[in-house]
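Topology and contacts: notes
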Amino acid sequence: MKIILGSMKRADREEVEAQIRERYNRVKSSLTERARRLFVAAEALAAGYGGIAAAARATGMAPSVIGRGVKEAKALESGVLPDIPPTRSRRVGGGRKKVEEKYPDLLLELKELVEATTRGDPESPLLWTARSLNVGTTASVVMDIDGGFNQHIIELVKQIYAAQEPYEPWLRNMQALAHVGIVRSHDSLEFRPGAETDLAGRIAPHAQDFAGWCQVLVATHQLWDLVPSHLLTPEHLRRFDVLILPSVSCMSHAECAAVRAWLTAGGTLIASGETSLYDPDGNLQDDFQLADVFGALFVEDVSPERSYAKIEDAALAPEHAWVDGTLAMDGGQLAVTASDSAEVLGTIHGNPGIRMVNVLVRRREPALLRHRVGAGTCTYFAGAVGRQYRRCGQANILTVLSRLLDQAMGAKAAVALDAPTSVELFAHTQKGQPHMVVNLVNIFAGLSRSDGRVILGPTPGVMSVVRHDEYQESPRLSQVVVRFREDPGRSIQRVYLAPSQGTELPLEREGNEVLVTVRDLGEHAMLVAEYEN
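Heads up: these notes are all about the structure in this document.

The four strands are arranged 15-20-23-22 in an open sheet whose pairing can be described as antiparallel. Edge positions in the sheet fall to strand 15 (415–418) and strand 22 (508–510), since each of these pairs with one other strand and no more. Sheet twist, expressed as the mean angle between neighbouring strand axes with direction ignored, is 30 degrees.

Okay, the pattern of salt bridges next. Any two side chains of opposite charge can pair if their charged atoms end up close together. The final tally for this structure, using the stated rule, is 23 salt bridges. Across the pair Arg 37 and Glu 72 runs a salt bridge whose closest N-O atoms are separated by 3.0 Å. Highlighted residues: Arg 37 in helix 2 (residues 33–47) and Glu 72 in helix 4 (residues 63–78), separated in sequence by 35 residues. Taking the relative accessible area as the measure of exposure, Glu 72 reaches 11% and is therefore buried. A salt bridge links Glu 319 to Arg 403, with the shortest nitrogen-to-oxygen separation between them at 2.5 Å. Highlighted residues: Glu 319 in the loop between strand 9 (308–311) and strand 10 (326–328) and Arg 403 in helix 15 (residues 395–409), separated in sequence by 84 residues. For Arg 403, a relative accessible area of 23% corresponds to the partly exposed category. Salt bridges sharing common partners tie together Asp 418, Arg 483, Arg 485, Glu 510 and Glu 513.

In this fold, Ile 20 is placed in helix 1 (residues 10–27). The sequence separation of Ile 20 and Ala 47 amounts to 27 residues, and the corresponding C-alpha distance is 9.6 Å. Not counting residues within four places of it along the chain, the set of residues in contact with Ile 20 comprises Glu 43, Ala 58 and Thr 59.

What counts and how
Residues numbered from 1 in each chain as written. Predicted model: local features only at pLDDT ≥ 70, side-chain atom pairs only at ≥ 80, totals over all residues. Heavy atoms only, no water. Pairing = 2+ DSSP bridges. Helix = DSSP H or I, 4+ residues; strand = E, 2+ residues; numbered from the N terminus. Axes fitted to C-alpha atoms, helices over the stretch in contact; angles between N-to-C directions. Salt bridge = Lys/Arg side-chain N within 4 Å of Asp/Glu carboxyl O. Buried < 20%, exposed > 50% of the residue type's maximum accessible area, 1.4 Å probe, protein only. Contact = heavy atoms within 4.5 Å.

Given below as structure tokens:
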């Protein structure tokens, strides 16, 4: 009988994984490599949805290996793939050649790569060149998709580390500056699969909404940081002024309580889609667990009939919207009702049910709500607005979200940026040092903290990973203006470009802001703002 892991409670899933682990450990020593792969694949198939992840946790076998075993088992069962003798694990000529045979100097080169960035004190906190990063580089960048090693990539990685070494003095004892936190929920990814699919299977609504919001945060130059859902605690949330819950479907009572307490104390919350509509095990609830926070009551799941949203708040509405001033939300929106204490900022529109060109019908459901909770404010979108931006990159959606973030932040940001949306901003202080370090990254020429995907071709929603080594040259930018906001009694004395401390930038003052201009930005620039002692 097939087990349905997705419908089980966590304790029951852990028991199933323990049983898989016990069966595997009993027989693995007597199995060949191929037999182990097929055995674990059979366990994954028997477990049903979520079986590959469960089998991987139980046996320690990589999910990619189990996936290959599943494909092989299905092919053998259907007769598509001919069997091989039981005494062999691979077909004749199969298997990977030894790395030492293909690249005789590889070991020396990798050793040189690691030693070059860990010399001196081996525990020194060189945060960009830590040994853990070298391990990740060796595993994910140096290694090709087929398991081989690309000599060109090795040389590229050497260049990366050589280029960043001069910046190390400004990377010790870092304390990140982040005003905005965005929640990443493992439970929502694993236990709330959506209706859409890609090559890896069903896509969780949270995954798409999260990725789109990350792209928005980069494009609007926010100082932001990731908040894993297990860190939704009162202590951790205190560091943020704004918190984003992008379709965080599965939430526990404790997580909801922490968000509620933080908001009541004066935080600003932005939530979207089916946030808190499911418990941590993926069980649908009668209403949002945060209904009192949203000022919204759940009525009905997403529907294509609710495919447009009109922003009616003048401070948020874009100048150039679509038909009848609406935003397209092709994934649909939830039907909710607003509480008496909530303010409706936007309404849902839909097609009228008959073929009419450029005509939409206003519905009664709200698309956007604002609700005061204690000293804090919550803004709730009935649709997965981040997902829509990720899929289509609509400028009008970016305008709405940018204005919403500006309202939420006010004058709280320590540093702001006048630059194209391709420039990512992040900043930190160093413990015991009277300065702030600001990094500008031109993501046209490198990797961003968003998911590094772009829309390709005429087919909507078709994504392709952009690898950093595919960029042949770096488009340079000019006239990037950085705005430092000074606190009372703490003024900026000078701003210079690292690693050359002598390259000072001219300062302009506007009220409580100090402006500096970077006139030539390639891939990256590091600015250091020193305060008067």
